[in-house]
Amino acid sequence: MVKLAEWRGKEVFRKYAVPLPRGAVARSPAEARSLVDSAAVPTPCVVKAQVLAGGRGKGGAVRFADTAAQAEEATRAILGMEFKGEKVKEVLLEEKLPIARELYVSLTLDRSLRLPILMVSAQGGVEIESVAEGGLVKIPVHPFIGLAGYERRQAVSALGLSGAAAKSLDRLLSSLWRLFDEEDAELVEINPLAVVGDSLVALDAKVIIEDDASFRHPEYAEVRDDRTPLEEIAREKDIAFVQLDGNIGVIANGAGLTMATLDVLQQSGGRPGVFLDLGGTDDPKKVTEAFLLMAMAKPKAVFLNIFGGVTRCDTVANGLVAAMSQVPEGERFPLVARIRGNNEAEGTQILERAGVASLKGLKESVEKVVALANAGAPLAGPA
Amino acid sequence: MVKLAEWRGKEVFRKYAVPLPRGAVARSPAEARSLVDSAAVPTPCVVKAQVLAGGRGKGGAVRFADTAAQAEEATRAILGMEFKGEKVKEVLLEEKLPIARELYVSLTLDRSLRLPILMVSAQGGVEIESVAEGGLVKIPVHPFIGLAGYERRQAVSALGLSGAAAKSLDRLLSSLWRLFDEEDAELVEINPLAVVGDSLVALDAKVIIEDDASFRHPEYAEVRDDRTPLEEIAREKDIAFVQLDGNIGVIANGAGLTMATLDVLQQSGGRPGVFLDLGGTDDPKKVTEAFLLMAMAKPKAVFLNIFGGVTRCDTVANGLVAAMSQVPEGERFPLVARIRGNNEAEGTQILERAGVASLKGLKESVEKVVALANAGAPLAGPA
Amino acid sequence: MSVLVDADTRVLVQGITGHQGTVHTRQMQLFGTKVVAGATPGKGGATVEGVPVFDSVERAVRATSANASVIFVPAPFAKDALVEAVDAGIPLAVVVTEHIPFHDMLSMYHYARLRGARIIGPNCPGIAAPGKAKVGIIPNVVFHPGRVGVVSRSGTLTYEIVSGIKEHGLGQSTCIGLGGDPVVGTNFVDALSLFEEDPDTDVVVMVGEIGGTAEEEGADYIRAHFTKPVVAYVAGRSAPPGKRMGHAGAIIARGRGTAASKLAALEGAGAKVASFPYEIPGLVAERLQELTNR
Amino acid sequence: MSVLVDADTRVLVQGITGHQGTVHTRQMQLFGTKVVAGATPGKGGATVEGVPVFDSVERAVRATSANASVIFVPAPFAKDALVEAVDAGIPLAVVVTEHIPFHDMLSMYHYARLRGARIIGPNCPGIAAPGKAKVGIIPNVVFHPGRVGVVSRSGTLTYEIVSGIKEHGLGQSTCIGLGGDPVVGTNFVDALSLFEEDPDTDVVVMVGEIGGTAEEEGADYIRAHFTKPVVAYVAGRSAPPGKRMGHAGAIIARGRGTAASKLAALEGAGAKVASFPYEIPGLVAERLQELTNR
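**Remarks on the sheet that holds strand β6 (residues 92–95) of chain D**
Consider a sheet: its strands pair through backbone hydrogen bonds, and that pairing is either parallel or antiparallel. Residue and element names in this part refer to chain D. Strand order across the open sheet formed by seven strands is β3-β4-β2-β1-β5-β6-β7, with mixed pairing between neighbours. The two strands at the open ends of the sheet, each matched to only one other strand, are β3 (47–48) and β7 (118–120). Note that β3 and strand β4 (residues 51–54) share two bridges and pair antiparallel. Across the sheet, the residue bridging to T47 is P52, located in β4.

Following this line, the structure appears as structure tokens:
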């Protein structure tokens, strides 16, 4: 997921001629002041923290300013914040508009229909999950046709618009569809979409570009996301890696097996701390990299659960052994291994030679790793 | 059909980055000379008459020049020509390239498959109709997918290209597909497509834009075509009108009925001179316009054959009577009418009051109009 | 029985509030057709010839269970109207509109196929089954119930021919106007296969014209699969190559689509070919007589 | 019998000359599968593991009558490969490739539907019917012929489970790996309806995971139409919302796609839900016993 910050999403909106308030990004209080002074941002204006988490309004991450001095002050206050764990590095200053109504529109994927879906609601400006089922109108869009004229009319009618505002929405929806399609978006959301006079203006912008389409979109390679630093490293190495709030690391191959292993851990009283899916690999170097990444997450104990299909057990064992020697003394952790399937015997032997026992059963393995983690075993190398 | 002259087609090619020889259009010998003098067109160069008919090479409408003086001379010779009935008003001067092979590619509609079709042949530079069936490879293209990579590879393989030339064709075909699709083309044809070194260059360009898509393409509104002046007027008035080489005009409603009427005329010894399809109309003014247009074609006799379905017979009769008085004395012609169907009685009455008898049978009507035309009846008003 | 439409056909008129839409709604009603709804964006709540108008096809279908649509909307919006009909679950759409770009029609055709719907047309007069229903604009007066199936690429020429059949004392089971465009939703082969299955059709009249190879494919189908007698006529023997003769699809291009080729194919497949349109009723009567004599 | 594949399945490998393609060609052969052709542009005439390689799918199909394809080509070219297979008339395509953009998969899916072809995957291990054929990459060792149908969104977790079934002395009729992407060609409902019709499948094991609502729809289908016992497992009880858990499709988004919702739906539909993967073989054996006791 390439989640774009509001200002970056709005740059994409601009490319597709989606109407926006006048505004600009500031990275310092002084810059904010000069944006207002130079009339690049008209007053009164809104100063918004550029973070990926929602709920900025209630969280004090959105402020208002009537003068350049106030804009400077608001920017200073916001840039100092840490918002839901994210450090605020940029603010977006935008003119404050006279809003008649706040609407909601989004385009995303409906997995069940296997179609993109346009969602609109007359109740914009609130978390869309809080809108009752009847308040949200869903319009599937066929990729072979694109967002059809009659579907746009359906949206206009659901939002109760007419005249110039209806035409404005019609144009905006066409733009949004083109954006969704051409930019390979997972989600394009405008909440709120404001009715200002008889035209529509996108007050917020939420754009998520599909990771897997990045080969078509080098322009998003530099986008910062809400990944942790370790998740960022994992992404570059093409390892599926998710940090959780527990203390046990799991290395497995395949998403389902990794998830199931975490589940069993948790159901057995353990607290999963890292999800690391090796995927299908037959490169011992990748295994080594994954193991070292795991070490950086400082788990109390690690469970390696491999079922060798595409991946061969001896490949994994070799990668593991190579990695063990590279983990710095102070970062070592107890390790429980379970490797089965393709070349199981060879893998088990390699591990045993390196002093790692491979257990057979999932249940006993999990119980052992939970015990190790809970015991706070001395962090002195694999068990 | 909006048939683009070669130079205009190449302008469209340029928009889609189809590789072209360097060149420019000249409308006078002096202009041709200065294009070469200024090196806008490199020498040696080719000077080509900009006409819509084919067979220019054999017809002397393509000449070569090594110097500016020769280019001027060639242009003078060509601009003086009338080529297959078309006055030559422009020439295209282009650099002469060292051609290794001449290929053929086109995109058009396959009516039976209901799909666009890519056609390629290794035997370019000749009339494609003269290429044997096996020498032409046909690749249907699905509009929901566009010209697929594997289809482009199929074309590359059929033309026996490899390496850089293969890549060049691949790119060119992608461009051609986009052009065909986005410009609403009926036909895009490059013949010959030259292999020059290891890249491909479009030596000729044949582009026909679909008339019915003109609401999406105002940019082609000014294109001159191979219509006769009367056909041009008819087009503006939205009347289907085709000039043929006979002397009897036919006004009917509906393409099938008009064609069938011409056929019966010809099968009965008559010579059809004008096909005029009123279409479905209930506006007497349109009938009047059509009638006056017919008069401009100076037929020896006219057969009006109407079956009133959407069109009402009285509407046609009223339009006709209004028109008859407007035809100048010297341009009048004998008229045979047959109007049936919707409001037949009213229509017949209106015509009779104006002195025009409406016959019942198609056979007798046709025999009468053929006799009138063959007799060279005095051109003094409707019979 | 009849083909494609019957007494249970419930017709929606898209573009009912336009002039053509209104006129033909009345004509369809006079034919005895159940015209249950109209659709025109922004005109929901109105009534045309006693027929309720809805803002969208979906609403019209929900309220009236319409199961066929006839489309009169202008060419630039025709694709959208068709997609709306098909998305609302309408299985049969007759597109009367002329001048739809064939690029639009290509997606309309394949999209309808994907959704399991059939298109008749565009640029067509539609379908009529005398005594049952008419979806389109064929004049009511020409019809009489009977056992002759008619399928044609023409409009008025068909009216002339159907009218002649009636005057000859015969009647029609169903008449299908395929439309004069280069790409049509239903072609001769499709129509013939429907008539083949229809127990109430004894003879089929096929009216072709120059352009494309639909008649030749029809001839192939007749030779391989069609068991009923066919009387055929092809318009455009006198048409020059390279000229569009009124219909977008009526053009001899690159040596293909001549009347001669079509006539030869049909004759070769065993169809009785009429040289003049007024010969058709007699040829049909002969075929029917042959069937009786068997 | 089995589902989707059988002893007559003739497999084409698209991307056969790549590392994965070559390795799994050998494995499919060892499983007993008829691997009849490979396709890699520019490598026509080569041979991989004794299998002839063609430049295009069309040529491969013409020469070998292949009727199933397994696609190993890299994500940016996967859509083209699938379209090529479908255009060549291949009715079943297993797409192993991971990381195909879902926008591509949407057109792949609907295009295949239009052409009457079925897709398994993408990002999937494929299908295997022990003793008959394997189209994909599921390890051969885990299988044993039997009467348990397996359908799963996972790869290795399925191997683990299938392996456990084998160790329990039971075997499989067919195992279908649906794939871990948000849009897949064949989902639980599709697979269940195939197993419902298969006389050689007595019990079905359904392995789901977080993300989307395919399990819930499967549960609805089980309640309404499925007559065989189902043992179900859902991975991801411990997964946090908003994070992609390895599979592009394994994400709890906007409160939808939780394990709890899926488990409740399956339990409500009468499926036996396993809390731990290692409980599955026992639950399957119980179901089979119940069937015997009937």
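**Overview of the domain arrangement of chain C**
Residues and elements named next belong to chain C. Split into domains, chain C comes out as domain 1 (10–120) and domain 2 (138–293). Put simply, the middle of domain 1 and the middle of domain 2, counted by C-alpha atoms, are 26 Å apart. In this complex, domain 1 contributes 12 residues to the contact, which on the side of domain 2 involves 12 residues. Taken together, domain 1 and domain 2 are joined by zero salt bridges. Counting every contact that joins domain 1 to domain 2 gives three residue pairs in polar contact (both at pLDDT 80 or more). Only α1 (19–31), α4 (102–114) and β7 (118–120) provide two or more residues apiece to the side of domain 1 that touches domain 2. Broken down by element, the residue count for the side of domain 1 that touches domain 2 peaks at four residues, all from α4. Residue classes in the side of domain 1 that touches domain 2 are distributed as nine nonpolar, one polar and two charged.

**Considerations on the packing of aromatic side chains**
Counted according to the given criterion, the structure contains 13 aromatic pairs over all chains. Ring plane angle 45° and centroid distance 6.4 Å describe the contact between Y221(D) and F226(D), whose orientation is recorded as tilted. F226(D) shares its class with Y221(D); the two are buried. If you follow R27(A) out to its NZ or CZ, it ends over the ring of W7(A), 5.4 Å from the centre.

**Let's talk about helix α7 (residues 214–225) of chain D**
Residue and element names in this part refer to chain D. Taking 1.5 Å of rise per residue, the 12 residues of α7 would be expected to cover 16 Å, and the 16 Å separating its terminal C-alpha atoms lies within 8% of that figure. E215, E216, G218, A219, Y221 and I222 are the residues of α7 that are buried. Looking at the buried residues of α7, the elements they touch are α6 (188–197), β12 (203–209), β13 (230–235) and α8 (259–268).

**A short note on the interface of chain C and chain A**
At the junction of the two partners, chain C supplies 11 residues and chain A supplies 10 residues. Carbon and sulfur atoms supply 57% of the area that chain C and chain A bury against each other, a total of about 860 Å² over both sides. Taken as a group, D80(C), E84(C) and Y111(C) account for 40% of the area that chain C buries against chain A, more than any other trio of residues on that side. Between chain C and chain A we count two salt bridges in total. In this structure, E84(C) and R153(A) form a salt bridge, with 3.4 Å as the shortest nitrogen-oxygen distance. Run the count over chain C and chain A and you get six residue pairs in polar contact (both at pLDDT 80 or more). Put simply, the parts of the chain that give the side of chain C that touches chain A at least two residues each are α2 (57–64), α3 (75–87) and α4 of chain C. By residue number, the principal contributor to the side of chain C that touches chain A is α3(C), which donates five residues. A breakdown of the residues in the side of chain C that touches chain A according to their chemical character gives four nonpolar, no polar and seven charged.

**Topic: the interface of chain A and chain D**
In this assembly, 56 residues from chain A lie in contact with 62 residues from chain D. Buried surface at the junction of chain A and chain D, both sides included, amounts to about 4700 Å², of which 58% is carbon and sulfur. On the surface where chain A and chain D come into contact, there are eight salt bridges. Viewed at the interface, chain D and chain A are joined by 26 residue pairs in polar contact (both at pLDDT 80 or more). With 10 residues, helix α7 (residues 255–267) of chain A is the single largest residue contributor to the side of chain A that touches chain D. Residues belonging to the side of chain A that touches chain D are distributed by class as follows: 27 nonpolar, 10 polar and 19 charged.

**Here we look at the domain arrangement of chain A**
Domains assigned within chain A are domain 1 (22–95), domain 2 (101–220) and domain 3 (229–375). Taking the mean C-alpha position of each, domain 2 of chain A and domain 3 of chain A sit 42 Å from one another.

**Observations concerning the pairing of strand β12 (residues 203–209) of chain C**
All names here are of chain C. Counting buried residues in β12 gives seven out of seven residues, a clear majority hidden from the surface. Burial of the side chains of β12 extends over both faces: V203, V205, V207 and E209 are buried on one face and V204, M206 and G208 on the other. Here strand β10 (residues 145–152) runs beside β12; their pairing, made up of five bridges, is parallel. Bridge pairing links V148 to V203 in β12. Here six bridges tie β12 to strand β13 (residues 230–235), and the two strands are oriented parallel to one another. Along β13, the bridge assignment pairs V204 with V230.

**Quick notes on the packing of helix α7 (residues 214–225) of chain C against helix α8 (residues 259–268) of chain C**
Residues and elements named next belong to chain C. Relative orientation of the contacting elements α7 and α8 amounts to 5°, with a least axis distance of 8 Å. Taken as axis vectors, α7 and α8 run roughly parallel relative to one another. Facing α7, whose interface residues are A214, E215, E216, A219, I222 and R223, α8 presents S261, K262, A265, L266 and G268. Of the residues contributing to the contact of α7 with α8, the split by class is five nonpolar, two polar and four charged.

**Structural notes on the pattern of salt bridges**
All names here are of chain A. All told, the structure shown has 89 salt bridges over all chains when counted by the stated rule. Between R178 and E182 there is a salt bridge, with the nearest N and O atoms lying 3.7 Å from each other. One end of the pair, R178, and the other, E182, are both in helix α5 (residues 163–182), four residues apart, so they sit about a helical turn from each other. Judged by its relative accessible area of 39%, R178 falls in the partly exposed class. Taking relative accessible area as the criterion, E182 reaches 42% and is therefore assigned partly exposed. Salt bridges sharing common partners tie together E6, K10, K48, R56, E94 and D204.

**Focus: the sheet that holds strand β17 (residues 301–308) of chain A**
Residue and element names in this part refer to chain A. Ordered in space as β14-β16-β15-β17-β18, the five strands form an open sheet in which the pairing is mixed. The open sheet terminates on both sides in strands that have one partner only, identified here as β14 (240–243) and β18 (335–341). Put simply, the sheet's adjacent strands are angled 10° from each other on average, direction ignored. Bridging between β17 and β18 involves seven bridges; their strand directions are parallel.

Criteria and cut-off values
Residues numbered from 1 in each chain as written. Chains lettered and ligands numbered in written order. Predicted model: local features only at pLDDT ≥ 70, side-chain atom pairs only at ≥ 80, totals over all residues. Heavy atoms only, no water. Pairing = 2+ DSSP bridges. Helix = DSSP H or I, 4+ residues; strand = E, 2+ residues; numbered from the N terminus. Domains from an automatic or database assignment. Contact = heavy atoms within 4.5 Å. Salt bridge = Lys/Arg side-chain N within 4 Å of Asp/Glu carboxyl O. Polar contact = N/O pair within 3.5 Å; in protein donor to acceptor, adjacent residues only side chain to side chain. Nonpolar A, V, L, I, M, F, W, Y, C, P; charged D, E, K, R; others polar. Phe/Tyr/Trp six-rings, centres within 6.5 Å; stacked < 30°, edge-to-face > 60°. Buried < 20%, exposed > 50% of the residue type's maximum accessible area, 1.4 Å probe, protein only. Lys NZ or Arg CZ within 6 Å of the ring centre and 35° of its normal. Expected span 1.5 Å × (residues − 1). Buried area = accessible area lost by both parts, 1.4 Å probe. Axes fitted to C-alpha atoms, helices over the stretch in contact; angles between N-to-C directions. Parallel < 35°, antiparallel > 145°, perpendicular 65-115°, else oblique.

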